[in-house]
Amino acid sequence: MMGLFTRRKTVFVDSDILVIGGGMAGCGATYESRYWGRDLKIVCVEKANIERSGAVAQGLYAINCYMGMQWNENQPEDHVRYARNDLMGLVREDLGYDIARHVDSTVHKFEEWGLPIMRDPKTGRYQREGKWQIMIHGESYKPIVAEAARKAANKVYNRIMVTHLLMDRTNTNRVAGAVGFNVRNGDFYVFRSKAVIVSAGGASHIFKPRAVGEGMGRTWYAPWSSASAYALPILVGAKMMQMENRIVLTRFKDGYGPVGAYFLHLKTYTENAYGEEYESKWRDHTKELVGDYVDRHPVPTCLRNHALLEEVKAGRGPIRMVTKEAFQDPHKETVGWENFLGMTIGQAVVWASQNIDPKHTNPELTTSEPYVMGSHATCSGAWASGPADYAPSEYQWGYNRMMTVDGLFGAGDTIGGTAHKFSSGSFTEGRIAGKAAVNYVNDLGSEQPEVSEQEYEDLERAIYQPLETYKIGRNEIVAGTVSPSYILPINGLQRLEKIMDEYVGGIGSFYTTNEPLLTRGIELLGMLKEDLAHLGAEDLHQLQRAWELHHRVLASEAVAQHTLFRTETRWPGYYYRADHPKLDDKDWHCFTLSRYDQDSGKWEMEKAPVYHIID
Ligand SMILES: Cc1cc2nc3c(=O)[nH]c(=O)nc-3n(C[C@H](O)[C@H](O)[C@H](O)COP(=O)(O)OP(=O)(O)OC[C@H]3O[C@@H](n4cnc5c(N)ncnc54)[C@H](O)[C@@H]3O)c2cc1C
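Residues numbered from 1 in each chain as written. Predicted model: local features only at pLDDT ≥ 70, side-chain atom pairs only at ≥ 80, totals over all residues. Heavy atoms only, no water.

Could you give an account of the environment of Gly-473, naming the residues involved and the relevant values?
Here Gly-473 shows up in helix H12 (residues 453–473). Note: C-alpha distance between Gly-473 and Ser-483 (10 residues apart in sequence) is 6.9 Å. Among all residues touching Gly-473, those that are not within four sequence positions of it are Ser-483, Ser-485 and Tyr-486. (Helix = DSSP H or I, 4+ residues; strand = E, 2+ residues; numbered from the N terminus. Contact = heavy atoms within 4.5 Å.)

So what about the sheet that holds strand E19 (residues 602–609)? Which residues, and what values?
Ordered in space as E14-E9-E18-E19, the 4 strands form an open sheet in which the pairing is antiparallel. The strands lining the two open edges of the sheet, one partner per strand, are strand E14 (381–382) and E19. In the sheet, strand E9 (residues 240–241) pairs with E14 via 2 bridges, with the strands oriented antiparallel. Directly across from Met-241, in E14, lies its bridge partner Gly-381. Contacts between helix H15 (residues 540–565) and the sheet are confined to E9, strand E18 (590–597) and E19, with E19 contributing the most and set at about 55° to the helix. (Pairing = 2+ DSSP bridges. Axes fitted to C-alpha atoms, helices over the stretch in contact; angles between N-to-C directions.)

Help me get a handle on a nonpolar patch on the surface, residues and values and all.
A surface patch of nonpolar side chains, about 270 Å² in accessible area, is lined by Leu-341, Ile-345 and Val-349. Secondary-structure assignment places Leu-341 in helix H9 (residues 330–341). (Patch = residues over 30% accessible without salt bridge, like charges linked within 9 Å, V, L, I, M, F, W, Y side chains within 5 Å. Areas by Shrake-Rupley, 256 points an atom, 1.4 Å probe, with all protein chains shown as cover. Salt bridge = Lys/Arg side-chain N within 4 Å of Asp/Glu carboxyl O.)

So what's going on with the pattern of salt bridges? Which residues, and what values?
Counted under the stated rule, the structure contains 48 salt bridges. In this structure, the salt-bridge partner of Asp-615 is Arg-81, at a minimum N-O distance of 2.8 Å. In this pair, Asp-615 sits in the segment after E19 while Arg-81 sits in helix H2 (residues 76–86), placing the two residues 534 residues apart along the sequence. Judged by its relative accessible area of 31%, Arg-81 is partly exposed. (Buried < 20%, exposed > 50% of the residue type's maximum accessible area, 1.4 Å probe, protein only.)

Could you give an account of the side chain of Arg-246, with specific residues and numbers?
Mapped onto the fold, Arg-246 is located in the loop between E9 and strand E10 (250–252). Buried and unpaired, Arg-246 has no salt bridge, with Glu-244 as the nearest side chain of opposite charge at 7.6 Å. In this structure the side chain of Arg-246 is engaged in a polar contact, spanning 3.0 Å, whose partner is the backbone oxygen of Val-504. Setting aside residues no more than four positions away along its own chain, Arg-246 makes contact with Phe-207, Pro-370, Tyr-371, Val-372, Thr-378, Ser-380, Val-504, Gly-505, Val-559, Thr-563, Tyr-574 and Tyr-575. (Lys, Arg positive; Asp, Glu negative; His and termini not counted. Polar contact = N/O pair within 3.5 Å; in protein donor to acceptor, adjacent residues only side chain to side chain.)

Break down the sheet that holds strand E13 (residues 364–367) for me, citing the residues and quoting the values.
In spatial order, the strands read E10-E13-E12-E11; together these 4 strands make up an open sheet with antiparallel pairing. Whereas interior strands pair on both sides, the edge strands pair on one side only; in this sheet they are E10 and strand E11 (269–271). Taken over all neighbouring pairs, the strand axes of this sheet differ in orientation by 40° on average, direction set aside. With 3 bridges connecting them, E11 and strand E12 (residues 319–322) associate as antiparallel partners. Residue pairing in the sheet places Glu-271 in a bridge with Arg-320 of E12.

Break down the pairing of strand E6 (residues 160–167) for me, with residues and values.
For E6, a buried count of 8 out of 8 residues is recorded, marking the element as mostly surrounded by other parts of the structure. By the bridge criterion, 7 bridges tie E6 to strand E7 (residues 175–182) in an arrangement that is antiparallel. Looking at the pairing, Met-161 lines up with Phe-181 of E7.

Summarise the nonpolar core; cite the residues concerned and give the values.
Taken as a class, soluble globular proteins show a tendency for nonpolar side chains to be buried jointly. Among the nonpolar cores identified, the biggest contains 99 residues, and Ile-20, Leu-165, Phe-191, Tyr-230, Leu-408 and Phe-591 are the most heavily contacted of them. Of the residues forming this core, the biggest block, 8 residues, is contributed by H15. In this structure, Leu-165 is in contact with Ile-20, Val-175, Gly-177, Ala-178, Val-196, Leu-232, Pro-233, Val-236, Leu-408, Glu-455 and Leu-459, ignoring residues within four places of it in sequence. By size, the runner-up hydrophobic cluster in this structure holds 65 residues, among which are Val-145, Ala-149, Val-335 and Ala-411. (Core = buried A, V, L, I, M, F, W, Y, C linked by side-chain atoms within 4.5 Å.)

I'd like a rundown of the site of the ligand, residues and numbers included.
Lining the immediate environment of the ligand, one finds 32 residues, of which Glu-46, Ser-53, Ala-62, Ser-375 and Ser-423 sit closest. Within the backbone of Met-24, an N or O atom sits 3.2 Å from an oxygen atom of the ligand. With respect to the ligand, the side chain of Glu-46 contributes an N or O atom lying 2.6 Å from an oxygen atom. When isolated, the ligand has an accessible area of 1,000 Å², and the protein chains bury 97% of it. At the level of secondary structure, the elements contributing two or more residues to the shell around the ligand comprise helix H1 (24–36), strand E3 (60–63), E6 and helix H11 (422–444). (Near = heavy atom within 4 Å.)

Just give me the short version of H9, but keep the residues and values in it.
End to end, H9 covers 16 Å across 12 residues, agreeing with the expected 16 Å (1.5 Å per residue, within 8%). Buried residues in H9 make contact with E3, strand E4 (134–138), E10, helix H6 (260–264) and helix H10 (345–353). Sitting at the head of H9, Asp-329 places a side-chain oxygen 2.9 Å from the backbone nitrogen of His-331. (Expected span 1.5 Å × (residues − 1).)

For the environment of His-550, give the residues involved together with the corresponding values.
In this structure, His-550 sits in helix H15. For His-550, a relative accessible area of 22% translates into the label partly exposed. As a C-alpha pair, His-550 and Ala-211 span 339 residues in sequence and 22 Å in three-dimensional space. Residues in contact with His-550, not counting those within four places in the same chain, are Leu-532 and Leu-535.

Mind laying out the packing of helix H5 (residues 228–235) against H15, listing which residues take part and the relevant values?
Interaxial distance between H5 and H15 falls to 8 Å at its minimum, and their mutual angle equals 75°. The angle between H5 and H15 falls in the class roughly perpendicular. Residues Ser-228, Tyr-230, Ala-231, Leu-232, Ile-234 and Leu-235 of H5 form the contact with H15, whose own contacting residues are His-551, Leu-554, Ala-555 and Ala-558. When grouped by side-chain class, the residues that make up the contact of H5 with H15 number 8 nonpolar, 2 polar and no charged. (Parallel < 35°, antiparallel > 145°, perpendicular 65-115°, else oblique. Nonpolar A, V, L, I, M, F, W, Y, C, P; charged D, E, K, R; others polar.)

Right, dumping it as structure tokens:
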């Protein structure tokens, strides 16, 4: 490497446990690793700054996963039933139960650390927004959680983007660390670690967003959720599950303001453009597709989207949230606004800019572009070993939350099968993974993993290549940004989003795809992957964008492969296989698993059984 980056340093960091991504799950993992591993070296690496990083960066107004066992409000079994129903039967009940039984203690810690949780003045209990949600003054939620992680870690490395995992030089299925670069000064980092916990969040911007051009940064899930959580394990051959289970959200239009507090606390409801209730109209039609799931309570999230989409397709949009009635009550009006001010300020700004006062105008709702994540009403992610006391033997091959690669753990959006864990459940899963990783490290004895110098040197060359490609290719053009010899990360991103939108079921096709579309989409993704070798990065910021794009493309390929494999429409409202429009419990009441082979570029697909442990 020449010029600007000749002064680049290589920094070696040794640890027992390396946590990649200091969001909710990463902070939980860091905190708990220290609790059980007093003498271990625990390092957390984050591409932003853990003080305000991840999906909770802006703050939240509710903690969406709290049992309330101290008041006998819900039991862990109830939460498993709830998540299972919402995901049309397909969740890892062992993993979900494991989170649910520990999540209350996590929330109590948050309160002890200073998070203000609202209380019901009559009962003294936490103020419920819904059956599972409690309301918080959560503008500083992330800094509070980050402080606990900072105090627990030997060191937190901020501003370092992890690009690849490193493997043990003798055991090719054992992790040995990770590499990345400092996005501010360009230094190359080699992390050598006995265990690695990936907690790098979900994936936005793999499908074309509704907001394009100058508004493209506005998505529902955080725009910096760049699919590293999936790409890092996929590249080293970890099995992934249910990657077809992308999520689409009904949100306030243009600002993506969440609707939970409105439905649950303010008791608002929706209607079509002509002031009519529409959900019940689509009941029989939906029943033909999915059977009695449509009669369940609560109706699964995807099916509620489905009714909205059908009503819009029938030409009776836009769908509106009826806020005018609730906002007459000054308390509810305050809650309605504060809900956004503490969590999605952009929605309040959009309403102000569009002359929408919800007291006088019922605001429009719309469905988002799809996202891939593991912690909301969806559960894509890595296939993980379950808890020793609860998981069926087929779901147990090692330590709790360990993937199919030795020493590689995950939590939060990274881990599949556990929908509805949200912020508190993600932190809890981080704690579970942290404890298990400590056990793994303690059990290693003298069997320490070793990184190969050759491997990280090869990766170093590959990681910085886009800077070189740009520097050389830039000479071929006199003006503008279009070069014959490189593509810029933004061009690659838009190409990815277009492929995913048109072929894999995005907004442009009303979330609909089929085998021929998916087959062509996969071919086009393959061509895009080849072209990623020609990415050009003008500076370190663009270098980060380049590697985020690599991660997004690989995760997208997983989504397309899984969607092709599952020949049914399991979650209408999230996506449709037009060639297999119905739910097919006979053949598809199962998980889909994939394994990527980096050398051949091939995906192996298989089915895994769904065990119902709870009645
Ligand atoms: C708009 C919105 C509203 C929400 N509302 C609620 C709510 O009301 N209640 C609730 O409980 N939950 C809510 N959630 C969900 C909650 O935020 C997530 O469930 C939770 O943050 C997931 O935790 P995580 O640790 O997996 O991911 P995150 O918290 O997103 O953390 C991932 C971290 O990894 C870092 N990272 C990513 N890639 C790399 C890399 N390559 N190298 C280094 N670091 C990397 C990121 O910068 C980030 O800090 C909401 C989320 C959003 C976006």
